[in-house]
Protein chains: 2
Amino acid sequence: MSATIHPLPRRGAPSLQPLMALVAEGMNSVNAVILDRMQSRIPLIPTLAGHLIAGGGKRMRPMLTLAGAALVGYGGSRHYQLAAAVEFIHTATLLHDDVVDGSDMRRGKQTANIVYGNPATVLVGDFLFSRSFELMVEDGSIKVLRILSNAAAVITEGEVDQLVAQRQIETSEERYLSIINGKTAALFAAACRVAAVVAERPEAEELALDSYGRNLGIAFQLADDAIDYDSDTAEMGKDAGDDFREGKMTLPVILAYARGNEAERSFWKEAIAGDRNSDADLAHAITLIRKHDAVHATRERARHYAQRAIDAIAAFPGGDAKAAMIEAAEFAVARRF
Amino acid sequence: MSATIHPLPRRGAPSLQPLMALVAEGMNSVNAVILDRMQSRIPLIPTLAGHLIAGGGKRMRPMLTLAGAALVGYGGSRHYQLAAAVEFIHTATLLHDDVVDGSDMRRGKQTANIVYGNPATVLVGDFLFSRSFELMVEDGSIKVLRILSNAAAVITEGEVDQLVAQRQIETSEERYLSIINGKTAALFAAACRVAAVVAERPEAEELALDSYGRNLGIAFQLADDAIDYDSDTAEMGKDAGDDFREGKMTLPVILAYARGNEAERSFWKEAIAGDRNSDADLAHAITLIRKHDAVHATRERARHYAQRAIDAIAAFPGGDAKAAMIEAAEFAVARRF
C-alpha cells in the first residue's frame with residue numbers, strides 16, 4: 001500500500017527486519033538500561049521481572065522510540081533511558097494483565113503469575129512501574145514526564161474499561177476502539193512522541209510521531225485480535241481462543257455478532273456470558289467468524305489505521321528510518337502470528 | 001516522654017486531635033483534590049477507589065505534609081496537590097496489599113477485592129498510582145518528583161521483601177526493620193520532606209522532616225504490629241490475628257520466638273509455616289507473646305522511634321505545628337487501636 005512512498009522496491013512480505021536493523025545498536029544501550037534498572041536488593045524482583053523481560057518480546061515500544069529519534073535526526077542519548085522506562089511500563093501492565101486474566105501462557109512460556117504466584121507478580125509489576133517513573137524523573141524533562149505519566153494513566157483506565165466490557169455482548173465498535181486506544185495505542189503514541197521531545201523538534205513533529213504511534217498501536221491490536229480467531233494461523237503469540245474463553249469483546253466478535261442471524265446472536269450471547277467455552281464452542285465461533293468474514297474485516301480495519309500511521313509521517317524526509325517505520329506499519333497488518 | 005519539650009501542659013492520653021485541628025482547613029483542600037482526581041470516564045474507578053478512600057482512613061500521610069508545611073511556615077498551596085498524590089500512592093498500595101494478602105476486612109468494612117474482585121482492584125490500584133504521578137508532574141518540581149518516585153520504588157521493594165519473608169521464621173529484627181522502612185516509613189518520610197521542598201527551605205530542614213516522618217512511620221508500624229497481638233485491645237484497626245494467620249513475621253513474633261524455649265519455638269515454626277492457624281493456636285500465640293512481654297517490648301521499640309521523630313524536629317521553633325507533631329508521635333505509641 002505504500003508503493004508510492006517507499007523509497008526502495010521490496011520483495012516478499014513486509015517484515016520488522018528493517019526496523020530491527022535500524023535500532024539494533026541503540027537497543028543494546030536500551031537493553032543495558034533495562035537489565036541494570038530491574039535489579040534490586042530483593043532477588044525475587046529481577047528473577048520475576050527477568051522471566052518476562054527475557055521471555056522474547058519484540059520490544060516494539062522501545063524500538064519505536066529509537067526509530068522516532070532516528071527519523072528526527074536526534075544525536076543524543078536520553079532516548080535510551082526513556083525507551084527503557086516505556087518498556088518497564090509495558091512489562092508492568094503485562095504482569096498485571098496476566099494476573100487479572102488468570103492467564104497461564106504468554107510468548108510460549110508459563111506466565112509469571114503461574115510460576116511465582118499472583119501476589120509476587122502484582123508487587124513486581126508495581127516495582128517496575130515505580131522504577132519506570134524513577135527513570136523518567138532522572139531524565140528531568142517535565143514535558144517528557146507529562147507525556148508518559150498521562151499515557152500510564154490512560155493505559156490503566158483502558159484496562160479497567162476492558163474489564164468492565166468483558167462478557168458484555170453489547171459492546172460497540174466505538175467502545176472497543178476507545179478501549180484499545182487506552183490499553184495499547186496510548187503507550188505506542190507516547191513512545192514515539194518522546195523522541196521528538198528529546199530532539200527538541202517543533203510541536204508538529206511531536207504530533208506527527210504521536211499520531212504514527214497511536215495508529216500503529218491500534219493496527220497492531222486489531223491484528224492481534226484477528227489472529228486469536230484466525231483458523232489459518234499455525235503459530236500464535238498467545239494461546240488460541242483465550243479471548244473467546246475470557247469473554248473479551250474484540251472486533252471479530254463484535255462484527256460476527258452484528259452481522260449474525262438470530263440463532264448466531266443467541267450463541268454469541270451465551271458464549272460471551274461464559275456459558276459456552278468448550279473446544280466445540282470455540283470451533284463454532286471460528287466458523288461463524290469465517291462465515292461473516294470478520295477476521296478479514298478486522299484486518300481491513302487494521303490496514304486503515306496502518307495507512308493513517310504511514311501518512312502521519314509522510315512529511316518527514318525519506319531515508320532508512322522512514323522506510324523502516326512504514327514497513328513496520330505494513331508488518332503490523334500482514335503478520336500471521 | 002516529651003514533658004521537657006512540649007510547650008503546654010497536657011492532661012490525658014496523647015491524641016491526634018491537635019494535628020487534625022492544625023490541618024483541618026488544609027485537609028478540605030486536599031480532600032477536594034482527592035475527590036476531583038479519582039474521577040474517570042469509567043464509573044467503576046471512582047466507585048472502587050471511593051470504597052476505600054471514603055472508608056474512614058486517618059489520612060495520616062497528607063496530614064503530615066500539611067503539618068510539615070505549617071512547621072516551616074509555608075504560605076503557598078502546592079502542598080495540597082502533593083498531599084493528595086501521597087494519599088493516592090498509599091491507597092494504591094492498600095488496594096494491592098489486600099489482593100496480595102487475600103484480606104477480607106479493612107477499617108471495619110469488606111475490602112475492595114471482596115466487593116469488586118481482585119482484577120478490578122489491581123487495575124484501579126494501578127490507576128491511582130498513575131494518577132498520583134500525574135499530580136506530581138503537574139506540580140512540576142523535579143526535586144519533588146525525585147523524592148516521591150524514589151519513595152514509591154522503595155515501597156514496592158519493601159512489599160516484595162515482606163512477601164518473601166512471609167512464613168520465614170528466621171526473619172531477624174534487622175530484616176523486619178528494613179521491611180517496614182520500605183513498606184511504611186519511606187512514604188511517611190517523603191510526605192513530610194516535600195513540605196520543606198515546596199517551601200524552599202534549607203536541606204537541613206528537608207532532612208529533619210524526612211527523619212521525623214521516617215521514625216514516625218516506623219513507630220506507627222511497630223505499634224500496629226503490637227496491636228495485632230494485644231489481647232487487651234477491644235477495638236482494632238484490622239482483623240485481630242490476621243498477621244498470625246498470614247504467617248507475617250512481625251516484631252512481637254520475632255521477640256517471642258527469640259525469647260522462647262524449645263517447645264515454644266517448635267510451636268512458632270509450625271504456626272508461621274501455616275500448620276497452626278486455629279483460634280486456639282492464636283490464643284496460645286497471644287499467651288506466649290504475653291509470657292515474654294513481647295507486645296510491651298514492641299511498644300518500647302516504637303517509643304524509641306517516636307522519640308527520635310520528636311528529636312528530629314527539636315531545632316524548629318515551638319508553636320502549634322511542632323506541638324501537634326510531637327503529640328502525634330506520642331499518639332503513635334500510646335494508641336490501642
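Residues numbered from 1 in each chain as written. Chains lettered and ligands numbered in written order. Predicted model: local features only at pLDDT ≥ 70, side-chain atom pairs only at ≥ 80, totals over all residues.

Asks: How do you make sense of the overall build of chain A when you look at a structure like this?
Replies: A count of helical and extended segments in chain A gives 15 helices and two strands. For chain A, the C-alpha radius of gyration of 20 Å lies close to 20 Å, the compact-globule estimate for 337 residues. Projected onto the principal axes, the alpha-carbon positions of chain A cover approximately 60 × 55 × 30 Å. Scored against the burial criterion, the 337 residues of chain A give a buried share of 55%. (Helix = DSSP H or I, 4+ residues; strand = E, 2+ residues; numbered from the N terminus. Rg over C-alpha atoms; globule rule 2.2 N^0.38 Å. Buried ≥ 20, exposed ≤ 12 C-beta atoms within 10 Å, placed from the backbone.)

Asks: Looking at this structure, I do not really get the relation of the copies chain B and chain A. What am I missing?
Replies: Two copies of one chain are present, and they are related through a rotation about an axis combined with an axial shift. Between chain B and chain A, the superposition needs a rotation of 180 degrees and an axial shift of 0.0 Å, giving an RMSD of 0.0 Å. Put plainly, the chains are arranged around a two-fold axis. (Least-squares fit on C-alpha atoms with pLDDT ≥ 70 in both.)

Asks: Mind showing me how you'd approach helix 12 (residues 262-273) of chain B here?
Replies: One full turn of an α-helix is made of 3.6 residues, so residues set three or four places apart face in the same direction. Residue and element names in this part refer to chain B. In a regular helix each residue adds 1.5 Å, so 12 residues correspond to 16 Å; helix 12 covers 16 Å between its end C-alpha atoms and thus fits that length. Residues of helix 12 that are buried make contact with helix 10 (242-245), helix 11 (251-259) and helix 13 (279-291). Taken from the residues just after helix 12, G274 is the one with a positive phi, measuring 100 degrees. (Expected span 1.5 Å × (residues − 1). Contact = placed C-beta atoms within 7 Å.)

Asks: Explain the interface of chain B and chain A here, please?
Replies: Reports often express the size of an interface as the amount of accessible area lost when the parts come together. At the interface, 35 residues of chain B touch 35 residues of chain A. Counting only elements with at least two residues in the side of chain B that touches chain A, the list comes to helix 2 (44-53), helix 4 (78-101), helix 6 (118-139) and helix 7 (142-165) of chain B. The element best represented in the side of chain B that touches chain A is helix 7 of chain B, accounting for 14 residues. Here the side of chain B that touches chain A is composed, by residue class, of 21 nonpolar, seven polar and seven charged. (Nonpolar A, V, L, I, M, F, W, Y, C, P; charged D, E, K, R; others polar.)

Asks: Help me understand the packing of helix 2 of chain B against helix 4 of chain B in this model?
Replies: Helices that pack against each other are described as a pair by the angle of their axes relative to one another and the distance between those axes. Residues and elements named next belong to chain B. Relative to each other, helix 2 and helix 4 sit at 95 degrees, their axes nearing to 11 Å. Here helix 2 is positioned roughly perpendicular relative to helix 4, judged by the angle of their axes. Note on element contacts: helix 4 touches helix 2 through T91, L94 and L95, opposite A49, L52 and I53. When grouped by side-chain class, the residues that make up the contact of helix 2 with helix 4 number five nonpolar, one polar and no charged. (Axes fitted to C-alpha atoms, helices over the stretch in contact; angles between N-to-C directions. Parallel < 35°, antiparallel > 145°, perpendicular 65-115°, else oblique.)

Asks: Would you mind showing me how to read the environment of L216 of chain B here?
Replies: Residue and element names in this part refer to chain B. You can see L216 is positioned in helix 9 (residues 203-227). Remark: the alpha-carbon pair of L216 and A309, spanning 93 residues in sequence, is separated by 5.7 Å. Apart from residues no more than four positions distant in its own chain, L216 is found in contact with F188, A306, A309, A328, A329 and A332.

Asks: What should I look at first to understand the nonpolar core in this one?
Replies: Within soluble globular proteins, side chains that are nonpolar tend to cluster in buried spots. Core analysis: the largest hydrophobic core is formed by 242 residues, its most contacted members being A67 and A219 of chain A together with A67 and A219 of chain B. The residues contacting A67 of chain B, other than those within four sequence positions of it, are L19, L22, V23, A321, A324 and M325 of chain B. (Core = buried A, V, L, I, M, F, W, Y, C linked by C-beta atoms within 7 Å.)

Asks: Help me out: how do you make sense of the environment of R167 of chain B in this one?
Replies: Residue and element names in this part refer to chain B. By the element assignment, R167 lies in the loop between helix 7 and helix 8 (173-198). Among the residues examined, R167 registers 15 C-beta atoms within 10 Å and is labelled partly exposed. Along the primary structure R167 and I272 are separated by 105 residues, whereas in three dimensions their C-alpha atoms are 4.9 Å apart. Those residues in contact with R167 that sit more than four places away from it in its chain are G247, I272, A273 and G274.

Asks: Looking at this structure, how should I read helix 14 (residues 294-312) of chain B?
Replies: Residues and elements named next belong to chain B. Over its 19 residues, helix 14 runs 27 Å from end to end, which matches the ideal 27 Å to within 8%, given 1.5 Å per residue. Inspection of helix 14 places A294, V295, T298, R299, R301, A302, Y305, A306, A309, I310 and A312 among the buried residues, and these make up the whole buried set. Looking at the buried side of helix 14, the elements it contacts are helix 9, helix 11, helix 13 and helix 15 (320-334).

Asks: Looking at this structure, I do not really get the confidence of the model for chain A. What am I missing?
Replies: In low-pLDDT regions, the fine details of the predicted coordinates are not to be read closely. Residues and elements named next belong to chain A. Put simply, chain A has an average pLDDT of 93, and 94% of its residues get 70 or more. When pLDDT is averaged over each helix and strand of chain A, the minimum, 85, is found for strand 1 (residues 105-106) and the maximum, 98, for helix 3 (residues 60-71). Note on the complex model: pTM 0.92, ipTM 0.89. (pLDDT = per-residue confidence, 0-100.)

Asks: Would you take a moment to explain unusual backbone geometry for this structure?
Replies: Keep in mind that most residues, glycine aside, have a negative phi and that most peptide bonds are trans. In the Ramachandran plot, R167 of chain A falls in the positive-phi region, its phi being about 65 degrees despite a non-glycine side chain. Its identity as a non-glycine residue notwithstanding, D293 of chain B has a phi of 60 degrees, on the positive side. Here D293 of chain B lies in the loop between helix 13 and helix 14. The class of D293 of chain B is partly exposed, set by 15 C-beta atoms lying within 10 Å.

Asks: Help me understand the environment of A186 of chain B, please; the structure alone is not making it clear to me.
Replies: Residues and elements named next belong to chain B. Along the chain, A186 falls in helix 8. Measuring from C-alpha to C-alpha, the distance between A186 and I147 comes to 9.7 Å, with 39 residues separating the pair along the chain. In contact with A186, not counting residues within four places along its chain, are A151, V154, I155, G158 and N181.

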